[in-house]
Amino acid sequence: MSWFKKDPLQIISFLSYGTQNHFYIRGRALEDETINLEEKSLWSLILNTWKRFETDEIKNTKLKITLPDNSVYYAKTDRDGYYKIDTKIENLEVLINEEGWLNFELSYDEPNIKRTIQKENRFKGEMLIPAQNADFGVISDIDDTIIHTGVASFLKWRVIFNTFLKHVQSRTPLEGAAEFYHLLHRGSSGKNANPIFYVSHSPWNLYRYLEFFLKTNNFPKGPILLRSFRTIFKKKTATCKPQKQLEITNILNTYPDLTFVLIGDSGEHDPDIYLELVNTFPNRIKAVYLRSVLHKQKMQRVKGLLADYSIPVMLLDNSKEAIAHAKGLGIIK
């Protein structure tokens with residue numbers, strides 16, 4: 001960001017997911033713009049918002065990934081600084097902790113880099129491999145499901161205000177949401193480690209903002225799946241599925257032996273996406289929870305869809321209703 005000196009380099013690792021023989025991680029290499037999400041002044045809010053989108057990517061650069069057993073793999077960043085490894089590695093389950101997380105280390109692997117690199121060029125990453133005692137998984141939307149954004153507002157003005165003009169500390173989760181997610185995470189026995197996946201239409205530029213919000217408000221840790229900023233302006237076709245739907249489909253295909261609970265809101269496309277997923281993956285979805293929004297027409301349309309669902313689906317006004325319903329299904333303690 002500075003006009004007088006170059007910022008040090010960093011590597012951001014997005015919380016991702018894989019299997020016992022599938023190593024799948026994503027992230028981004030960037031200059032460190034020193035975004036402090038704990039600062040609360042108006043100037044820091046404006047500056048941090050600018051920094052999140054005026055990124056200086058480290059493109060076409062080789063990275064090294066080291067696993068706990070000291071095995072090494074490599075990736076290369078693309079023109080936007082993103083990197084991805086999608087490869088087969090056997091017996092990854094021996095490297096995970098009791099919650100199913102595989103820890104690894106990332107570093108720049110270019111001998112000609114003359115720039116300062118943060119953290120002594122040792123950046124932490126984590127990938128989730130669902131624990132053996134998982135009963136089911138949870139896939140949850142973020143916007144207006146966990147955090148109020150105002151997707152149903154006129155011209156999305158509330159989305160713009162809440163996302164760019166409010167500090168993350170001043171944004172509160174929907175009441176009782178964190179408790180509900182922890183109950184789902186622990187399952188019917190109260191001792192499980194059911195995986196939680198968070199999906200959103202937001203761009204990856206907001207990853208650290210959303211990660212900080214989830215951690216600050218005590219939500220269970222889980223992969224956070226967003227989309228490239230370029231895809232927001234990409235022309236849609238009749239056969240093109242929303243990125244969020246593609247991410248959910250990939251999760252379902254990655255864990256064919258796991259059933260899922262889907263959580264979203266009734267303000268946008270979640271009811272339609274979830275209905276299609278229920279029909280595409282029969283017997284894979286245990287229940288669907290949709291948070292109600294304050295929009296009469298949207299709510300009437302969603303209520304008309306409920307009869308098409310072949311599984312338990314519930315419109316919620318609060319988390320207490322969700323907890324009572326999930327207890328009735330026997331999926332939480």
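Because the structure is predicted, anything quoted here is derived from the model rather than measured.

## Points about the sheet that holds strand 6 (residues 82-88)
- Pairing is antiparallel in the open sheet, where three strands are placed in the order 1-3-6. Lying at the two open borders of the sheet, with one neighbouring strand each, are strand 1 (9-14) and strand 6. Strand after strand, the sheet turns through a mean of 25° between neighbouring axes, direction not considered.
- In this structure, strand 1 lies alongside strand 3 (residues 22-31), joined through six bridges in antiparallel fashion.

## Observations concerning the confidence of the model for the protein
- Of all residues in the protein, 79% have pLDDT values of 70 or greater, and the mean over the chain is 84.
- Long-range and interchain partners of residues 150-165, a stretch whose pLDDT sits below 50, account for 33 contacts in this model, where long-range means more than four residues apart.

## Notes on the sheet that holds strand 7 (residues 101-108)
- Taken together, five strands build an open sheet; the order of strands is 2-8-7-4-5 and the sheet is mixed. For this open sheet the edge positions go to strand 2 (16-17) and strand 5 (72-76), each flanked by a neighbour on one side alone.
- By the bridge criterion, four bridges tie strand 4 (residues 62-66) to strand 7 in an arrangement that is antiparallel. Bridged to Thr66 within strand 7 is Glu105.

## Some words on the pattern of salt bridges
- Counting across every chain of the model gives 11 salt bridges.
- Lys244 is the partner of Asp141 in a salt bridge, and the nearest nitrogen-oxygen pair spans 3.2 Å. Of this pair, Asp141 sits in strand 9 (residues 136-141) while Lys244 sits in helix 6 (residues 243-254), placing them 103 residues apart in sequence.
- Using a relative accessible area of 2% as the deciding quantity, one classes Asp141 as buried.
- Given a relative accessible area of 4%, Lys244 falls into the buried group.

## Considering the nonpolar core
- By size, the foremost hydrophobic cluster in this structure holds 68 residues, and its most contacted members are Val288 and Tyr289.
- Core analysis: the second largest hydrophobic core is formed by 22 residues, Ile65, Tyr83, Ile89 and Leu92 among them.

## Some thoughts on the side chain of Glu247
- For Glu247, the position within the fold is in helix 6.
- Apart from the residues within four sequence positions on either side, Glu247 is in contact with Tyr17, Arg26, Leu225 and Leu226.

## Topic: the packing of aromatic side chains
- If you walk through the whole model with that rule in mind, you get 15 aromatic pairs.
- Residues Phe197 and Tyr255 carry aromatic rings whose centres are separated by 6.0 Å and whose planes lie at 40° to one another, so their mutual orientation is tilted. Remark: Tyr255 occurs in the loop between helix 6 and strand 12 (259-265) and Phe197 occurs in strand 10 (residues 196-203); sequence separation between them is 58 residues. As far as burial versus exposure is concerned, Phe197 and Tyr255 are alike and both buried.
- A network of ring pairs unites the aromatic residues Phe180, Tyr181, Tyr198, Phe213, Phe219 and Tyr289 as a single cluster.
- Above the ring of Tyr74, the side-chain terminus of Lys62 is found at 4.5 Å from the ring centroid.
- The ring of Trp101 carries Lys221 above its face, with NZ or CZ at 4.6 Å from the centroid.

## Observations regarding the pairing of strand 9
- Of all six residues in strand 9, six are buried, a share of seventy percent or more.
- Looking at chain direction, strand 9 and strand 12 are connected through five bridges and run parallel. Bridging from a neighbouring strand, Ser140 pairs with Ile263 of strand 12.
- Where strand 9 lies against strand 10, four bridges are found, and the strand directions are parallel. The residue bridging Ile139 from the neighbouring strand is Phe197, located in strand 10.

Calculation rules
Residues numbered from 1 in each chain as written. Predicted model: local features only at pLDDT ≥ 70, side-chain atom pairs only at ≥ 80, totals over all residues. Heavy atoms only, no water. Pairing = 2+ DSSP bridges. Helix = DSSP H or I, 4+ residues; strand = E, 2+ residues; numbered from the N terminus. Axes fitted to C-alpha atoms, helices over the stretch in contact; angles between N-to-C directions. pLDDT = per-residue confidence, 0-100. Contact = heavy atoms within 4.5 Å. Salt bridge = Lys/Arg side-chain N within 4 Å of Asp/Glu carboxyl O. Buried < 20%, exposed > 50% of the residue type's maximum accessible area, 1.4 Å probe, protein only. Core = buried A, V, L, I, M, F, W, Y, C linked by side-chain atoms within 4.5 Å. Phe/Tyr/Trp six-rings, centres within 6.5 Å; stacked < 30°, edge-to-face > 60°. Lys NZ or Arg CZ within 6 Å of the ring centre and 35° of its normal.

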